[in-house]
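# Coordinate inspection notes
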Amino acid sequence: MDYFLELFFSGLTRGSIYALIALGYTMVYGIIELINFAHGEVYMIGAFVGLTVAGVLTSFGFPATSIMVMASMAAVVYAAAYGYTLEKIAYRPLRSAPRLSPLISAIGMSIFLQNYVMLSQTSDFLSFPKLTPEFDFLEKYSSTIGSSDFLIITVAAFVMIVLSLFIKFTRMGKAMRATAQNRKMAMLVGVNVDQVISATFVIGSSLAAVGGVLIASHIGQINFFIGFIAGIKAFTAAVLGGIGSIPGAVLGGLILGWTESFCTGYVSSDYEDVFAFALLVIILIFRPSGLLGKAPVQKV
Amino acid sequence: MEGFKKSLLVSLWFMFLVLPIMGVFVDSVEDVVIWRLERVLYVGICTFFLSYVWRFMIRKKEAGNKVDEESGEEQISTYSKILSSPSFYYPLLAGILIFALLFPKLFSMYQVNIMISALIYVVLGLGLNIVVGLAGLLDLGYVAFYAVGAYSYALMNLYWGVNFWVALPVGALLGALCGILLGFPVLRLRGDYLAIVTLGFGEIIRLVLENWGDFTHGPSGIANIPRPDFFGLFTGLSNSIHFMYYLMLVLVMFTIFIVNRLKNSRIGRAWQALREDEIACQAMGIDKVKTKLMAFSLGATWAGLVGVIFAAKTSFINPASFTFLESAIILSIVVLGGMGSILGVILGALVLILLPEYLRAFSEYRMLIFGATMVLVMVFRPQGLIRDVRRKIDINAVKKALGEANE
């Protein structure tokens with residue numbers, strides 16, 4: 001039972017991270033129907049910015065808590081900036097192009113960003129400082145769920161609640177929902193669609209950066225390639241829940257996290273990534289619209 | 001003045017962006033922070049000028065779009081007009097052929113070796129061109145079929161001692177089979193989903209090859225794969241490389257012939273119709289399932305075939321040769337060359353594979369340049385280096401001719 005609980009919580013931790021990144025995919029897809037292939041790279045860049053800022057601040061001798069806060073803030077700001085720039089350069093000029101073009105451009109951007117980070121920060125694994133504070137909560141369970149797991153789960157849950165409130169109640173959130181439903185109509189009633197799309201990229205990227213810093217400090221090392229696998233998995237999560245649907249992304253992330261955790265725990269740890277991909281293939285074959293998604297209406 | 005201010009802002013923005021990644025390196029082993037602010041400055045200066053170019057190009061592109069819209073037809077560049085005229089085309093072709101035949105005599109073995117890899121990519125590009133360029137199915141796991149071919153030869157040779165000539169058709173067949181296996185379940189998916197599933201499929205194949213240690217020797221790969229011999233001829237390293245070269249040359253010509261035929265055949269037309277509009281195409285009575293499966297399996301056949309040759313050429317394979325990046329390279333060959341255009345794909349392969357070899361100094365930046373080119377090509381020249389020119393019939397001319405005949 002203890003082993004089961006341990007796997008359950010490690011699945012929950014992974015799942016929360018996947019869900020955080022998946023939200024970015026889902027929001028972007030919901031609005032412009034584009035798989036932002038470079039989203040995983042934004043997550044990776046967020047982690048790297050966190051590392052650099054933490055390193056610089058440590059060398060200046062700042063206290064641990066302020067390092068944590070400032071590194072995470074910087075990661076979020078930079079990821080948002082990268083997301084914004086990405087959209088401007090690689091996607092905006094292709095708004096009216098055939099569907100294949102922005103996808104290929106996204107793949108190109110992803111390769112570019114990976115190599116940009118690799119060339120400027122080496123391809124080695126770099127050790128990431130432990131930013132999250134160690135604390136003992138519920139001593140009895142500390143072997144099943146560590147403090148950083150707890151922190152990840154709470155932060156992820158908090159961020160998601162804030163996001164859903166934002167989308168539900170703010171002006172920008174309403175504009176985003178309107179644009180997702182029908183871009184032309186939204187434009188007609190005076191929504192600044194360009195602004196909405198930029199905002200979507202900014203928000204999605206910042207969520208990814210939160211995930212990036214949390215997981216990097218949890219695992220303790222990063223390299224330029226982490227974005228690729230994380231991106232694919234988060235995408236799997238988004239598809240699993242139904243791409244375009246925000247609760248779907250969360251659900252998909254959690255399901256994927258648990259699947260991976262239990263499969264590696266009970267079946268084999270060699271094939272960790274295979275399970276995620278196999279799940280993706282199976283879901284797409286049997287339910288291409290995902291668990292909570294609506295089947296797309298093809299307009300002729 | 002307006003432009004100057006804009007460019008200044010852009011360059012400041014990019015300096016801000018690259019500051020933590022390029023400008024600072026935290027060496028956690030030595031515990032020192034290395035500042036490299038001069039690089040940030042270089043980026044700022046470069047982006048300042050590049051932003052002028054960027055704006056100029058965007059404006060030019062928009063103007064071009066307008067011209068297209070007004071005249072109602074696509075602009076065809078002068079050099080593709082020249083290329084299509086027979087008095088220029090045939091001598092050029094003959095010249096290239098003679099050069100290709102004499103290549104091993106003229107250049108060193110090192111060059112021949114590079115040329116063989118370039119030719120391998122030409123065939124791979126042409127194979128993927130069937131799937132992506134003609135049928136419009138974005139396949140990001142193409143390298144999996146390549147791996148299937150390579151591993152089928154390596155493993156059959158390892159366990160049963162099968163020789164190259166038997167493995168060649170078997171590899172192609174296995175590739176086709178895998179193409180159908182993958183194609184069948186994913187036919188219902190649309191563009192982006194399809195891309196992701198194929199990507200997942202490619203990764204699954206690679207991970208299985210990596211982890212199934214007992215069978216595939218895992219990450220350490222399979223060594224000592226014999227090079228092909230031809231009735232005991234062409235033994236020795238230099239001879240066998242020359243033989244390999246000619247073999248590839250024949251295969252490339254064969255591929256060009258087949259793909260060209262396919263493109264203008266009934267099935268090729270069906271692919272292109274499917275790419276343009278799936279629903280209209282079905283309404284015209286084209287069997288979607290059959291057509292898509294054909295595209296998948298035919299594309300995969302070439303990959304399997306070349307996979308066998310690749311294994312024989314390097315005589316060592318491991319899963320690291322079959323990563324997603326490899327798929328991306330092949331895809332960028334197709335995209336950069338011009339989707340659907342055979343000449344374009346050949347040029348794309350030669351440029352993308354040969355240039356980094358000759359510009360050794362830049363080889364580190366190879367993938368960086370790849371990525372950037374993919375984006376830039378999509379933004380400014382979505383049709384690639386050479387636009388696919390379709391065979392057209394001018395209806396007015398036909399009517400006129402008919403009318404004259406009737407009179």
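As the structure is a prediction and not an experimental result, all values here were calculated from the model.

Cut-offs and rules
Residues numbered from 1 in each chain as written. Chains lettered and ligands numbered in written order. Predicted model: local features only at pLDDT ≥ 70, side-chain atom pairs only at ≥ 80, totals over all residues. Heavy atoms only, no water. Salt bridge = Lys/Arg side-chain N within 4 Å of Asp/Glu carboxyl O. Buried < 20%, exposed > 50% of the residue type's maximum accessible area, 1.4 Å probe, protein only. Helix = DSSP H or I, 4+ residues; strand = E, 2+ residues; numbered from the N terminus. Contact = heavy atoms within 4.5 Å. Buried area = accessible area lost by both parts, 1.4 Å probe. Polar contact = N/O pair within 3.5 Å; in protein donor to acceptor, adjacent residues only side chain to side chain. Nonpolar A, V, L, I, M, F, W, Y, C, P; charged D, E, K, R; others polar. Phe/Tyr/Trp six-rings, centres within 6.5 Å; stacked < 30°, edge-to-face > 60°. Pairing = 2+ DSSP bridges. pLDDT = per-residue confidence, 0-100. Axes fitted to C-alpha atoms, helices over the stretch in contact; angles between N-to-C directions. Parallel < 35°, antiparallel > 145°, perpendicular 65-115°, else oblique.

## Here we look at the pattern of salt bridges
Pairing of side chains with opposite charge becomes possible as their charged atoms draw close. Under the criterion given, the structure shown has eight salt bridges over all chains. One salt bridge connects A:Arg95 with A:Glu87, and the closest N-O pair in it is separated by 2.7 Å. By relative accessible area, which is 25% here, A:Arg95 ends up partly exposed. A salt bridge links B:Arg206 to B:Glu203; the shortest N-O distance between them is 3.0 Å. Highlighted residues: B:Arg206 and B:Glu203, both in helix 8 (residues 191-211), separated by three residues, approximately one helical turn. Just as B:Arg206 is buried, B:Glu203 falls in that class too.

## Focus on the interface of chain B and chain A
Contacts between chain B and chain A engage 56 residues on the former and 62 residues on the latter. On the chain B side of the contact with chain A, B:Ile21, B:Asp192 and B:Tyr193 bury the most area, a combined 13% of that side's loss. Where chain B packs against chain A, one counts zero salt bridges. Inspection of the chain B/chain A interface yields seven residue pairs in polar contact (both at pLDDT 80 or more). Those elements that provide at least two residues to the side of chain B that touches chain A are helix 1 (2-23), strand 1 (24-27), strand 2 (32-35), helix 2 (37-71), helix 8, helix 14 (324-337) and helix 16 (366-380) of chain B. Broken down by element, the side of chain B that touches chain A gets its largest block of residues, twelve residues, from helix 8 of chain B. Of the residues assigned to the side of chain B that touches chain A, the class counts are 45 nonpolar, four polar and seven charged.

## Digging into the packing of aromatic side chains
Going through the model one piece at a time under the given rule, you end up with 30 aromatic pairs over all chains. A ring pair is formed by A:Phe228 and B:Phe324, whose centres lie 5.1 Å apart and whose planes are at 20°; its orientation type is stacked. Of this pair, A:Phe228 sits in helix 9 (residues 226-241) while B:Phe324 sits in helix 14, each in a different chain. Ring geometry for B:Phe145 and B:Phe201: centres 6.0 Å apart, planes at 40°, overall tilted. A residue pair is termed long-range when its members are at least 10 positions apart, and B:Phe145 in helix 6 (residues 142-160) and B:Phe201 in helix 8 qualify at 56 residues.

## Focus: the pairing of strand 1 of chain B
All names here are of chain B. Taking every second residue as pointing to the same face, both faces of strand 1 are buried, with Val24 and Val26 on one and Phe25 and Asp27 on the other. Where strand 1 and strand 2 come together, four bridges link them in antiparallel fashion. Following the sheet pairing, aspartate 27 is matched in strand 2 by valine 32. Connecting strand 1 to the next strand, strand 2, in antiparallel fashion are four residues, including aspartate 31 with a positive phi near 60°.

## A closer look at the side chain of B:Ser51
By the element assignment, B:Ser51 lies in helix 2. When neighbours within four sequence positions are excluded, B:Ser51 is seen to be in contact with B:Ser7 and B:Val10.

## Some remarks on the confidence of the model for chain B
Of the residues in chain B, 89% have a pLDDT of 70 or more, and the chain-wide mean is 81. At the low end of the mean pLDDT range in chain B sits helix 3 (residues 78-84) of chain B, at 63; at the high end sits helix 13 (residues 288-314) of chain B, at 88.

## Comments concerning the packing of helix 5 (residues 147-169) of chain A against helix 8 (residues 193-219) of chain A
Residues and elements named next belong to chain A. Contact geometry for helix 5 and helix 8: axes closest at 10 Å, N-to-C directions at 175°. Relative to helix 8, helix 5 is oriented roughly antiparallel. Between helix 5 and helix 8, the contacting residues are Ser148, Asp149, Ile152, Val155, Val159, Leu163 and Phe166 on the first element and Ile203, Leu207, Val210, Leu214 and His218 on the second. Here the residues of the contact of helix 5 with helix 8 sort into nine nonpolar, two polar and one charged.

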